[in-house]
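The residues making up each chain are set out below.
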Amino acid sequence: MRWLCPALIALSMTLASCDGGSSPPAGDVPIIRDTFQDDFESAQSESDLFPLDGSGWTGRQRVPETNGIDLTAERSRSGRQSMRFRAAPTADGATSKADLVLERFDLAEGDRVWFEFWIYVVGGTDTRNVFVWDLEAPETCTDETSCPSAGDGSICPSPGRRLFLGGAQGGEWTSDLGKWCRGDPFRAGVSTLVTDRWVRLRIAVDLSSDASGRFRVWQDDAQVLDATGITLPRPDARYSRLQIGITANGNEQSPNELFLDDVTVTLSDPGW
C-alpha cells in the first residue's frame, strides 16, 4: 500500500506535498502507454499541473517545506513560463528535495523508454550531488540476494535509476541505481554541464535486471553517457514513478536552483 497523508481532501492532495514526501494521486490515474508532454504553457496556476482526472502530474516533493516549487514567467525555454525549483542544502540527515512527481508508469523488464527535457541550472553554487531525475519502483523491496547487508526484504525504499551531477566540479552526468546494492554507477567521465543557460537532456533506458541493460544520455546534440549494465533493480520490479527537478540536493553546503521546461516521456522510439 502506498503511504497516504492523513486527512486528505482530493483537491488539496494534488496541490501540496505532505510533510516528508510526495502527494499521492487522487484515485486511479491513467497509465502512460505512449507519450506524455508538458511545456507548462496551459497552466494558469500551479493547481492546473495536477488535474483531478489524473491526466497530468500526480504530485510534488518539497522537503523541507521552505524549499521552492514555482510556476514562473521569470525564465522559459519556449513560450512564456517554466517551472522553478529551489532546494536548501541537505542538513540534519534529511535530504533536501524540490521536484515534480509523475506516478503513471508500468515499466517492466525488457521495456524501453525515452525522456527529453530542458533545464537551466543557476550558476554560482556548488552543484556536486544535485540529482535531477529519478525513475523509481516504489513497490520493490531489498532482498538478501541483491543486498546481503540490508536485511530480509522488509524495507521498500523505492529503488531505481537516477541522474545527478558528479565529478570534482559538479558538472559530470552520473547515474546510479539508487537505494539498491546492485550495479556500479554509470559515469560520463568528463564535465559537460554549462550553467546559466538552457540545456537539453535526453535519456534513453533499456530496462534489464542483468548486465544487458543500457542507459544513454545526450546533452544538447552530444551523447555524453552510454553505459551497459543493470537498469532495473530486480526481474519482478516495475517502474511506476518519475521525479524530476531537484530530486535531491545532496550537497551539504550549497543551496541550488534550476528551471525546467518542455518535458516529454515516450515509449515510442523518437529516433535519436
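All residue numbers here refer to positions counted from 1 along the written sequence of the relevant chain. Thresholds applied to this predicted model are a pLDDT of at least 70 for local features of residues and 80 or more for the giving and counting of side-chain atom pairs; totals over whole chains, interfaces and linings are not thresholded and use all residues. The side-chain figures draw on all heavy atoms in the structure; neither hydrogens nor water molecules are used.

Participant: Would you mind going over empty space enclosed by the protein in detail, with residue names and values included?
Facilitator: Only protein atoms enter the 1 Å grid used here, on which a cavity is any set of points holding a 1.4 Å probe that cannot leave and a pocket is any open set flanked by protein within 12 Å on both sides along at least five of seven lines; residues with an atom within 4 Å of a point are listed as lining. Grid points are joined across faces, edges and corners, and a volume is the space filled by probe spheres set on the points. Under the criterion given, the structure shown has two cavities of 30 Å³ or more. Counted as a void, the second largest cavity has a volume near 30 Å³. Forming the walls of the second largest cavity are Val121, Thr127, Val130, Val132, Leu165, Ile246, Asn256, Glu257 and Leu258. Helix numbering and strand numbering both begin at the N terminus, where a helix is a DSSP run of H or I of at least 4 residues and a strand a DSSP run of E of at least 2. For the lining of the second largest cavity, the element with the highest residue contribution is strand 15 (residues 256-266), accounting for three residues. Residues were grouped as follows: Ala, Val, Leu, Ile, Met, Phe, Trp, Tyr, Cys and Pro as nonpolar; Asp, Glu, Lys and Arg as charged; and all remaining residues, including Gly, as polar. A per-class count over the lining of the second largest cavity returns six nonpolar, two polar and one charged.

Participant: Can you explain the environment of Glu109? Please cite residues and give values.
Facilitator: Positionally, Glu109 belongs in the loop between strand 5 (96-102) and strand 6 (112-121). Glu109 sits 126 residues away from Pro235 along the chain, and the two C-alpha atoms are 6.2 Å apart. Side-chain atoms alone can form a polar contact between residues adjacent in sequence; in general such a contact is a pair of N or O atoms within 3.5 Å, and within protein one must be able to donate a hydrogen while the other accepts it. Here the side chain of Glu109 touches Ser209 through a polar contact of 2.9 Å, side chain to side chain.

Participant: Could you give an account of the nonpolar core, naming the residues involved and the relevant values?
Facilitator: One recurring pattern in soluble globular proteins is that nonpolar side chains are buried together. Side-chain atoms within 4.5 Å link the members of a nonpolar core, which is a set of buried Ala, Val, Leu, Ile, Met, Phe, Trp, Tyr and Cys residues. The buried label applies to any residue whose accessible area, calculated with a 1.4 Å probe on protein chains only, is under 20% of its type's maximum; exposed applies above 50%, and partly exposed to all values in between. Ranked by internal contacts, the top residues of the largest apolar core, which has 55 residues, are Trp57 and Trp133. At five residues, strand 6 tops the list of elements feeding residues into this core. Here, two residues are considered to be in contact whenever any of their heavy atoms come within 4.5 Å of each other. When residues no more than four places from it in sequence are discounted, the contact partners of Trp57 are Phe36, Asp38, Phe40, Leu49, Phe50, Leu100, Val101, Leu102, Ile244 and Val263.

Participant: Describe the packing of aromatic side chains, and please don't skip the residues or the numbers.
Facilitator: Pairing of aromatic rings covers Phe, Tyr and Trp, the last counted by its six-membered ring, and requires centre-to-centre distances within 6.5 Å; plane angles under 30 degrees mean stacked, over 60 mean edge-to-face, and any other angle means tilted. Following the criterion strictly, the structure yields nine aromatic pairs and no others. Relative to Trp272, the ring of Trp218 has its centre 5.5 Å away and its plane inclined at 75°; by these criteria the two rings are edge-to-face. Separated by 54 residues along the polypeptide, Trp218 in strand 12 (residues 214-219) and Trp272 in the segment after strand 15 bring together distant segments of the chain. Classification of Trp218 as buried rests on a relative accessible area of 11%.

Participant: So what's going on with unusual backbone geometry? Which residues, and what values?
Facilitator: Working note: non-glycine residues mostly have negative phi, and peptide bonds are mostly trans. The amide bond that connects Val63 to the next residue, Pro64, takes the cis arrangement and shows omega of 0°. Positionally, Pro64 belongs in the loop between strand 2 (59-63) and strand 3 (68-72). Within the chain, Phe40 stands out as a residue other than glycine whose phi angle is a positive 65°. Among the structural elements, Phe40 can be located in the loop between strand 1 (35-38) and strand 2. Its relative accessible area of 0% is what places Phe40 among the buried residues.

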